Structures are given as structure tokens and as C-alpha cells.
Amino acid sequence: MSAQILDGKAFAATIRSRVAAHVDRLKDAHGLTPGLAVVVVGEDPASQVYVRSKGRQTVDCGMESFTHRLAADTPQGTLLALVKSLNDAPEVHGILVQLPLPEHIDTSLVLDAISPDKDVDGFHVSNVGRLAAGQDAMVPCTPLGCLMMLREHHGSLAGLDAVVLGRSNIVGKPMAQLLLGESCTVTIAHSRTKNLPDVVGRADILVAAVGRPRMIPGAWIKPGATVIDVGINRVPDGDRDRLVGDVDFDSAEKVAGAITPVPGGVGPMTIACLLANTLTACCRANGLRPPEGLTA
Ligand code: GUN
């Protein structure tokens with residue numbers, strides 16, 4: 001038996017069209033256009049690609065896109081002043097500072113300078129706390145995308161055993177909080193976890209976010225489990241590189257009930273959720289309820 005493939009590319013397109021439809025309604029009914037400001041410091045090629053893609057998709061959804069490109073040697077004070085001006089700008093509902101930042105900049109200081117209401121990355125310490133406390137929060141985009149895929153596939157997740165591999169602030173920890181919010185029994189496993197194959201083998205839902213290419217073989221996976229592979233790892237393949245996940249797809253898809261491919265699984269969902277978060281931030285800033293299905 002082979003697993004159902006969870007097509008993140010197609011689902012992300014559905015999310016984007018739901019966002020675009022709601023943006024149209026906001027414009028017509030309230031004269032509001034959601035706006036997303038993206039700040040990128042330096043010339044990191046991967047960041048430049050992401051930022052271009054974010055800008056294009058923002059405009060395609062009918063929202064305003066504001067991109068700020070700063071030189072790699074920009075002083076921290078200049079970046080903080082820009083963040084403050086974006087916090088105060090009424091046409092900006094979401095702010096994203098692209099990571100990684102150059103080494104001379106204190107990343108936590110910058111992220112916590114973003115107004116929590118405009119923090120569409122969900123990295124501000126107050127959004128981290130709100131998520132943990134089960135309050136309305138801005139939720140990090142990658143785990144939000146994983147949650148949307150899981151809800152779409154399963155409906156209710158209540159009572160399922162969920163294992164999150166990886167404990168990063170960006171994916172592992174918020175993912176575990178979201179699954180707890182869905183009434184899963186949640187285990188966070190990491191590089192020091194004992195008997196990892198046994199822990200993985202208990203998972204009805206496995207979310208892998210460790211950044212190690214093909215680390216999890218199919219033999220560890222519980223038959224019928226749903227596998228969400230967040231890993232995007234570049235490995236040599238002949239004379240070019242190719243992208244693989246943290247899960248060994250070929251062996252896992254023979255065992256799992258459903259699995260996300262790499263590429264084309266979780267990756268496309270991340271920007272779709274950034275657009276959803278920008279819409280959510282705009283609605284909340286104006287005392288409106290965000291649309292169903294686009295929030296945690
Ligand atoms: N760099 C890579 N992924 C991300 C992300 O999700 N948010 C930000 N701000 N920077 C990133």
C-alpha cells in the first residue's frame with residue numbers, strides 16, 4: 001500500500017484564493033487593503049528569492065506589498081528605527097523581518113521591537129506566550145501551514161498521538177503548542193531523545209523538523225500514520241543538488257497513511273500562511289473577525 005500524497009502546492013493555492021476573496025470583501029465592504037512590509041538586510045541569495053516571492057504573492061492576493069532592502073552593514077539602530085516607523089504606519093498591517101540577520105544585529109531585540117499585533121511571523125515573545133496560553137495569537141507560518149494540512153486531512157485531531165521531531169522556536173515548539181490546542185497527546189523529540197525509533201513509532205501524526213536529510217526511515221513509522229515533513233535539505237545528486245526532506249520518502253510512503261512530499265508539501269504553505277496572517281492582522285486591527293479556516 002502506498003500513502004496518500006498531501007499536495008501542499010495545490011492546498012496553498014486554495015488558501016491564497018480564499019485570502020484573495022476575503023481581501024476583495026474587505027475592500028468592498030470596509031475600504032480596507034491589507035498591507036505587508038518585508039524588511040531584508042544584506043544580500044543572502046536565498047533570502048532575496050523568498051522576499052521576491054513574498055512580494056509577488058502579496059500583490060497577487062490584492063494586498064499592498066512594501067519591501068525594504070537594507071545594506072548588510074546597516075546599523076542596528078537604523079533597522080530598529082525602520083521597524084518603529086512600520087509599527088506606526090496605518091497602511092502596514094503585517095511586518096516581517098527576513099532571517100537570518102547579519103551577525104552584528106541582535107535578532108531577538110529586532111523581533112521583539114515589532115508590534116505584536118503586526119508580527120505576522122509570530123516570533124514576538126508576546127505571541128509565543130499567547131499561543132502557549134491558548135489565546136488569540138499570531139502563529140508562525142510554517143507550523144500554521146502544517147496544522148491546516150492536518151485539519152484538512154483528518155478533520156478532528158483530538159486524542160491522536162502526535163510526535164514533533166525538533167524543538168526550534170520557529171517550528172518545533174509552536175507546532176507542539178498547536179497540536180496540544182487540537183487535543184493531541186504531544187511528544188517533542190530532539191537530538192538527545194532516547195530510543196527515537198520507539199518514540200517515532202508511537203506517532204499517529206509525525207511532524208519532522210530537524211534539518212537532517214532523510215534521517216527518518218520508513219521502518220520507524222507506524223503503519224497508517226500521517227507524516228508531515230518540514231525538512232528542506234539540499235543534497236548532491238549527480239552534478240546538481242536536489243531537495244530532500246527529513247524523512248526518507250521512498251521507504252516512508254510504503255508505510256504511512258499520508259505524507260507530504262519535498263518539494264511541494266509544507267514549503268508552499270508557508271507563504272500562503274503569511275498572507276493569511278496578514279489578512280488576520282488587518283481584520284483584528286480594524287475590530288473585524290478574521291475569516292474561518294485561515295487562523296489557528
Ligand atoms: N527565513 C527563513 N524562513 C523565515 C521565516 O519564516 N520568517 C522570517 N522572518 N525569516 C525566514
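Report on the accompanying structure. (Residues numbered from 1 in each chain as written. Predicted model: local features only at pLDDT ≥ 70, side-chain atom pairs only at ≥ 80, totals over all residues. Heavy atoms only, no water.)

### Some remarks on the side chain of T226
Spelled out, the test is: Per the convention used, a helix needs a DSSP run of H or I reaching at least four residues, while a strand needs a run of E reaching at least two, with both numbered from the N terminus. In protein, a polar contact means a hydrogen-donor-capable atom and an acceptor-capable atom, both N or O and within 3.5 Å, with residues adjacent in sequence counting only if both atoms are side-chain atoms; elsewhere, any N or O pair within 3.5 Å suffices. Throughout, a residue-residue contact means that at least one pair of heavy atoms, one from each residue, lies within 4.5 Å.
Along the polypeptide, T226 turns up in strand β8 (residues 226–229). Of the polar contacts made by the side chain of T226, one reaches the side chain of H154; its length is 2.7 Å. Beyond its immediate stretch of four places on either side in the chain, T226 contacts L6, L150, H153, H154, D204, I205, L206 and A258.

### Focus on the site of the ligand
The criterion, for reference: Residues are classed as near a molecule or strand on a simple rule: at least one heavy atom within 4 Å of it.
The ligand sits among L96, V97, Q98, L99, D121 and F123. Interatomic distance of 2.9 Å between a backbone N/O atom of L99 and a nitrogen atom of the ligand.

### Regarding unusual backbone geometry
In this structure, the amide linkage connecting L99 to the following residue, P100, adopts the cis form with an omega of 5 degrees. With respect to the helices and strands, the residue P100 is situated in the loop between β4 (94–97) and α4 (107–111). Cis geometry marks the peptide bond from V262 to P263; its omega dihedral reads -5 degrees. Residue position: P263 is located in the loop between β11 (258–259) and α10 (267–285). A positive phi angle is found at S183, which is not glycine, with a value near 65 degrees.

### What to know about the state of the cysteines
Under the convention used in this document: Here, the term disulfide refers to a pair of cysteine sulfur atoms separated by no more than 2.5 Å.
A full pass over the atoms with the stated rule returns zero disulfides. C146 takes part in no disulfide bond, and the closest cysteine sulfur, belonging to C273, lies 8.5 Å away. Considering cysteine sulfurs only, C283 is the nearest to C282, which forms no disulfide, with 5.8 Å between them.

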